[in-house]
Amino acid sequence: QWELRRRKGMGSIPSTSCFAGRIVCGDCGSVYGSKVWHSTSKYRRVIWQCNSKFKGEKRCSTPHLYEKDLQQAFVRFVNGLIADREETLAGLQEALYAITDNTALEQERDALQAECEVVMELMRKMVQENAHTAQDQSDYTARYAGMTQRYDKANQKLAEVEKSITARSAKRQELEAFMRELGSREELLTCFDESLWLGIVHQVRVTGAGAFEFVLKGGYEFQSAIA
């Protein structure tokens, strides 16, 4: 359901293809879209091509692709991982900590939470003191505004840090899921597996040099030749 909603939100990209929104031009960064060649003849072909290939002054060097090219490249990519599974898993395990370690972020979060609590307490005391003791209201207003500004700044930074922690945690779960999937596979793929594609691939960058760069959902990158 999530995949269907994602594709539906991509406008002109066909919502029925598992490749929609995942193939990216390595030259300009645009998404690949499907095009129909010779639509009214027996030579009708559906190809995938950079959506911005002919829009700029310089034409992108990335090639157009048939779906069989994408499917075969994915099968080769996965089979390469399975063949070198132990080495791949060892590398992924090493990368897992570096990519998703939240130690520094959690320390920063705790410090910011403490800062927010301190400022809130100072503001509370300022209000209480102003209610019981005669003060210059202009001075009080200026000091209170300064405290509010300090709190807002710390709270905004706290929200950013918490967002980063959540993103890293999600990335860790995705990478761990892929490692479990790879670890459980004994046999090589003999044909394209759409569910596996949807489960592990975040993006595939197509380069003008004739190669795919696979980016997994956990952020880990691999290269695989087209031909």
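Every chain begins its residue count from 1, and numbering advances along the sequence as written. In keeping with the model being predicted, local features are shown solely for residues with a pLDDT of at least 70 and side-chain atom pairs are shown and tallied solely at 80 or more, while totals for entire chains, interfaces and linings include all residues. Excluding hydrogens and water, the side-chain figures rest on all heavy atoms present in the structure.

S.K.: Explain the nonpolar core here, please?
M.R.: A general feature of soluble globular proteins is that nonpolar side chains tend to end up buried together. Grouped together as the largest cluster of nonpolar side chains are 36 residues, with contacts concentrated most on Phe-74, Trp-197 and Phe-214. Helix numbers and strand numbers start at the N terminus; a helix is a DSSP run of H or I with at least 4 residues, a strand a run of E with at least 2. Where this core is concerned, the elements lending two or more residues are β1 (23–25), β3 (45–50), α2 (67–83), α3 (85–100), α5 (137–184), α6 (194–200), β5 (201–206) and β6 (211–216). No other element matches α2, which puts 8 residues into this core. By nonpolar core is meant a set of buried Ala, Val, Leu, Ile, Met, Phe, Trp, Tyr and Cys residues that side-chain atoms within 4.5 Å join together. Burial classification: accessible surface area is computed with a 1.4 Å probe over protein chains only, and a residue below 20% of its type maximum counts as buried, one above 50% as exposed, and the rest as partly exposed. Leu-112, Ala-154, Val-161 and Ile-165 belong to the second-largest nonpolar core, a separate cluster that totals 7 residues.

S.K.: Explain the pattern of salt bridges to me, please; I cannot follow it from the model alone.
M.R.: Think of it this way: side chains of opposite charge can pair up when their charged atoms draw near. By convention in these notes, a salt bridge is any Lys or Arg side-chain nitrogen within 4 Å of a carboxyl oxygen on Asp or Glu. This structure, assessed with the given rule, holds 9 salt bridges. Across the pair Glu-176 and Arg-172 runs a salt bridge, and its minimum N-O distance is 3.1 Å. Taken together, the residues span about one helical turn, with Glu-176 and Arg-172 both in helix α5 at a distance of 4 residues. Classification of Glu-176 by relative accessible area gives partly exposed; the value is 26%. Salt-bridge contacts for Arg-205 lead to Glu-213; the nearest nitrogen and oxygen are separated by 3.1 Å. Residues joined in a network through salt bridges with shared partners are Arg-205, Glu-213 and Glu-221.

S.K.: How should I be thinking about the packing of α3 against α5 in this particular structure?
M.R.: Between two packed helices, the angle of one axis relative to the other and the distance separating the axes together describe the packing. α5 packs onto α3 with a crossing angle of 170° between their chain directions and a minimal axis gap of 10 Å. In terms of their interaxial angle, α3 and α5 are classed as roughly antiparallel. On α5, the residues touching Arg-85, Thr-88, Leu-89, Leu-92, Gln-93, Leu-96, Ile-99 and Thr-100 of α3 are Arg-168, Lys-171, Arg-172, Leu-175, Glu-176, Phe-178, Met-179, Leu-182 and Gly-183. When residues are grouped by polarity, Ala, Val, Leu, Ile, Met, Phe, Trp, Tyr, Cys and Pro land in nonpolar, Asp, Glu, Lys and Arg in charged, and all others, Gly among them, in polar. Residue composition of the contact of α3 with α5, grouped by class: 8 nonpolar, 4 polar and 5 charged. In this description, a line fitted to the C-alpha atoms serves as the axis of each element, helices being fitted only across the stretch in contact, and the angle between N-to-C directions of two axes falls anywhere from 0 to 180 degrees. The scheme is simple: roughly parallel for angles under 35 degrees, roughly antiparallel for over 145, roughly perpendicular for 65 to 115, oblique for anything else. Contacts between residues were defined by any pair of non-hydrogen atoms, one from each residue, lying within 4.5 Å.

S.K.: Before we go on, may I ask you to explain the packing of helix α4 (residues 103–132) against α5 in this structure?
M.R.: Where α4 contacts α5, the two axes come as close as 9 Å, and the packing angle between them is 160°. Classed by the angle they form, the pair α4 and α5 counts as roughly antiparallel. Seen from above, α4 lies across α5 with left-handed handedness. Looking at the contact of α4 with α5, its residues break down into 18 nonpolar, 6 polar and 9 charged. Here is the rule for handedness: rotate from the far helix to the near one, and if that takes an anticlockwise turn smaller than a right angle the crossing is left-handed, while a clockwise turn gives right-handed.

S.K.: Please explain the packing of aromatic side chains as it appears in this structure.
M.R.: Aromatic ring pairs are reported here in terms of the distance separating the ring centres and the angle at which the planes meet. Planes of paired rings set the category: under 30 degrees apart is stacked, over 60 is edge-to-face and the rest tilted, where pairs are Phe, Tyr or Trp rings (Trp by its six-membered ring) whose centres lie within 6.5 Å. Using the criterion set out here, one finds 12 aromatic pairs in the structure. Between the aromatic rings of Phe-74 and Phe-77, the centroid separation amounts to 6.4 Å while the plane-to-plane angle is 40°, which identifies the pairing as tilted. Within this pair, Phe-74 and its partner Phe-77 are both found in helix α2, separated by 3 residues, close to a single helical turn. With respect to class, Phe-74 is no different from Phe-77; both count as buried. Here Phe-74 and Trp-197 contribute two aromatic rings whose centre-to-centre distance is 5.3 Å and whose plane-to-plane angle is 80°, an arrangement assigned as edge-to-face. With Phe-74 in helix α2 and Trp-197 in helix α6, this residue pair connects regions lying 123 residues apart in the sequence. According to the relative accessible area criterion, Phe-74 is buried, its value standing at 0%. Aromatic ring contacts, followed pair by pair, group Phe-19, Trp-48, Phe-74, Phe-77, Phe-192, Trp-197, Phe-212, Phe-214 and Phe-222 into a single cluster.

S.K.: Explain the pairing of β6 here, please?
M.R.: For a regular strand, the rule is simple: side chains alternate between the two faces of the sheet. Of all 6 residues that make up β6, 6 are buried, and the element is covered over most of its length. Here β6 shows a buried face lined by Ala-211, Glu-213 and Val-215 and a second buried face lined by Phe-212, Phe-214 and Leu-216. Pairing between two strands is assigned when DSSP locates at least 2 bridges connecting them. In this structure, β5 lies alongside β6, joined through 5 bridges in antiparallel fashion. By the bridge assignment, Gln-203 is partnered in β6 with Val-215. Turn length for the β5-β6 hairpin, with the two strands adjacent in sequence and antiparallel, is 4 residues, and the turn residue Gly-210 shows positive phi of about 85°.

S.K.: Mind showing me how you'd approach the sheet that holds strand β2 (residues 32–37) here?
M.R.: The strands making up a sheet are joined through hydrogen bonds of the backbone, oriented either antiparallel or parallel. Strand order in the open sheet formed by 3 strands is β2-β3-β4, with antiparallel pairing between adjacent strands. Strand pairing shows two members of the sheet lacking a second neighbour, β2 and β4 (65–66), which therefore form its edges. Examined bridge by bridge, β2 and β3 share 6 bridges and lie antiparallel to one another. Looking across to β3, one finds that Gly-33 is bridged to Gln-49.

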